[in-house]
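Residues per chain, in single letters:
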Amino acid sequence: MANVASTDAPAAGLAVIEIDHGTARLHRMIFIGIAIALAVAPFIAYPVFVMKVLCFALFALAFNLLLGYGGLLSFGHAAYFGMASYVSAYTAKNWGLTPELAILLGTCVAALLGALFGALAIRRQGIYFAMITLALAQMVFFFSLQTPRFTGGEDGIQAVPRGKLFGLINLADDRTLYWVVAIIFMAGLLAIYRIIHSPFGQVCKAIRDNEPRAISLGYRANQYKLTVFVLSATLAGLAGATKAIVFQLASLTDVYWSMSGEVVLMTLVGGLGTVFGPIVGALVIVSMQNYLASLGAWVTVVQGVIFVICVLLFREGIVGVIAKWIKKPL
Amino acid sequence: MFELLGIPPQALFGQVLLGLINGSFYAILSLGLAVIFGLLNIINFAHGAQYMMGAFVAWMCLNYFGINYWAALLLAPLIVGVFGVIIERVLIARLANLDHLYGLLLTFGLALIIQGLFRNQYGSSGLPYQIPPQLTGGQNLGFMFLPNYRAWVIAASLVVCLATWFLIEKTRLGAYLRAATENPTLTQAFGINVPLLVTLTYGFGVALAAFAGVLAAPIYSVNPNMGADLIIVVFAVVVIGGMGSILGAIITGFGLGLIEGLTKVFYPEAAATVIFIIMVLVLLVKPAGLFGRTT
């Protein structure tokens, strides 16, 4: 570890160069903008819808931390999202835990699962990494399917009580719960922003861009990859655990591969490797699902078409295009 | 009648046979994935959807045009293969110089589109497909009953796998293919049309998947989702075997099918996950895969 610490200094210098004053000010304005939007949103939109967007936005942000800044395409992020969702729903309902403890426990389980799967998956690179994470997530799906005493099987865990925050504040009201979700989301976003722009984040980007070179500079690439993997899984778990409390439901949909695909799609639409892109992507995809819900299986087709169009013509994503336009990283 | 570890032999051999059948699908599908990956450097996520298309084309042939199983066995891979060629030319070829992850995302999108369209048209309950009359019935081998159709599936997939191995390892076309896999620029410099080779390879890999789909149609019902979960297992098979060797893919496919069948007999709870567990073990012991070259 000593040599990692000693080589952190130049990376810190890099961070200063990368974010100039104008960009930092712009980002600060965007954060203030998001905070205002969060404060106004429940009064102009249906709070449950906004909470859904926030949960998926946090999920996509976590996924993008791994893909956009670690260069690792995980096709199995549903495992962490779904498992955290099950744990938080189960403990809130059967153990009577308060919501904050249930969410905390779900997040911790996701972190452990992330550490376990991450350690396995980083043994292979590129395309194999994607296939391994997908296969491991499918294993979690089968586990969930076969342990109905814990997961409720096909029915899922229904009617999860929202409970009282810290045993004091009743969250049954959507508006009250909304503020909790908004705070969790903002905390997650700030944490990710901090991680990306920390010396650690800079080293991750260096490894993403040129792993042999980063190794030759003395960085232990695998340790960095594992850490960013665990961070990403943890935050995905936070999103899943919160989602279970909001919708009072954890189900097999949360751990199925289509959920992993959805988070990839959100990130791709919003802008891979941009800080704010996944939020926009989640907003677009969740809104689309809401409007197209009556079309049944066509939603899958539309998602497929968006995938194809994004990959062929629109690889920067919405925020990526804007960033190119104003010539500032977003 | 003898018993083995308390399991009646009928059940044991029955599951072994089912395992071998699953194994033959794993082998054909992972072979197709490996061939495509070798030349195009993409993982074809649409492989499961194309396997499903093979089964559906056979079903359509029978129900709309009265074309029987044997003709469909040739026609379906051809039709789906041509579809693959068009997909490669129109869509995948545009990604040639990009990170190979985009190929994965593109074909994932294609799989969603194909599966969604079939689900809209035919629902997700599945359509029956009769075993061809020549292959109904079965043989009593004394220790087990061997349905003719199942014996045929295993034999046919073995022949197709070995023919593919022969084509790639022993023929001139295969030599071009291996050369282009090794170094496409140099191969092109020798006057070989590499883009054409790439297109044909994709079409061939897709046709293999469709062939497996036709074989599967009478065993499992024809269902829009039949390939969706299968492809993930095949990914695990590919990780276990490594994509470097043709024979390796065949052996891994059949071997894992067999293990899965045996698990169904001795510890049914783990049958769905055993291949993933083996994948974890292989990753711990030999990360490059059983037949893989270290990267």
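Please read all numbers here as calculations on a predicted model, not as lab measurements.

Thresholds applied
Residues numbered from 1 in each chain as written. Chains lettered and ligands numbered in written order. Predicted model: local features only at pLDDT ≥ 70, side-chain atom pairs only at ≥ 80, totals over all residues. Helix = DSSP H or I, 4+ residues; strand = E, 2+ residues; numbered from the N terminus. Buried ≥ 20, exposed ≤ 12 C-beta atoms within 10 Å, placed from the backbone. Contact = placed C-beta atoms within 7 Å. pLDDT = per-residue confidence, 0-100. Expected span 1.5 Å × (residues − 1). UniProt positions renumbered as here; feature names shortened; annotations may be inferred. Nonpolar A, V, L, I, M, F, W, Y, C, P; charged D, E, K, R; others polar.

### Section: the overall build of chain B
1) Next: Across its full length, chain B holds eleven helices and two strands.
2) Next: Across chain B, helices and strands are ordered from the amino to the carboxyl terminus as α-α-α-α-β-β-α-α-α-α-α-α-α.
3) Next: Based on the C-alpha atoms only, the size of chain B along its principal axes is roughly 65 × 50 × 35 Å.
4) Next: The burial tally for chain B puts 50% of its 295 residues in the buried class.
5) Next: Across chain B, every contact between residues at least 6 apart in sequence was considered, and the portion connecting residues at least 24 apart equals 76%.

### Considerations on the confidence of the model for chain B
Residues and elements named next belong to chain B.
1) Next: The predicted model of chain B has a mean per-residue pLDDT of 89, with 97% of residues at 70 or higher.
2) Next: Confidence, expressed as mean pLDDT per element, reaches its minimum in chain B at strand β1 (residues 138-140) with 82 and its maximum at helix α3 (residues 69-90) with 95.
3) Next: Under the prediction, the complex receives an ipTM of 0.88, its pTM being 0.90.

### Observations regarding helix α15 (residues 298-313) of chain A
1) Next: When the terminal C-alpha atoms of α15 of chain A are compared, their 22 Å separation across 16 residues agrees well with the 22 Å that a helix rising 1.5 Å per residue should span.
2) Next: Buried within α15 of chain A we find T300, V301, Q303, G304, F307, C310 and V311 of chain A.

### Some remarks on the UniProt feature "transmembrane region" (unreviewed entry) in chain B
Residue and element names in this part refer to chain B.
1) Next: Feature annotation in UniProt assigns "transmembrane region" (unreviewed entry) to the following positions: residues 12-39, 73-92, 101-118, 149-168, 189-219, 231-259 and 266-285.
2) Next: Split by type, residues 12-39 is 100% helix and 0% strand. Its first and last C-alpha atoms lie 40 Å apart.
3) Next: For residues 149-168, helix accounts for 100% and strand for 0%, while the C-alpha atoms at its two ends are 28 Å apart.

### Section: the interface of chain A and chain B
Accessible area lost upon the coming together of the parts is a frequently used measure of interface size.
1) Next: Contacts between the two partners involve 34 residues from chain A, matched on the other side by 33 residues from chain B.
2) Next: Those elements that provide at least two residues to the side of chain A that touches chain B are α7 (126-146), α13 (257-270) and α15 of chain A.
3) Next: If you tally residues by element for the side of chain A that touches chain B, the top one is α7 of chain A, at 14 residues.
4) Next: Taken together, the residues of the side of chain A that touches chain B break down into 24 nonpolar, eight polar and two charged.

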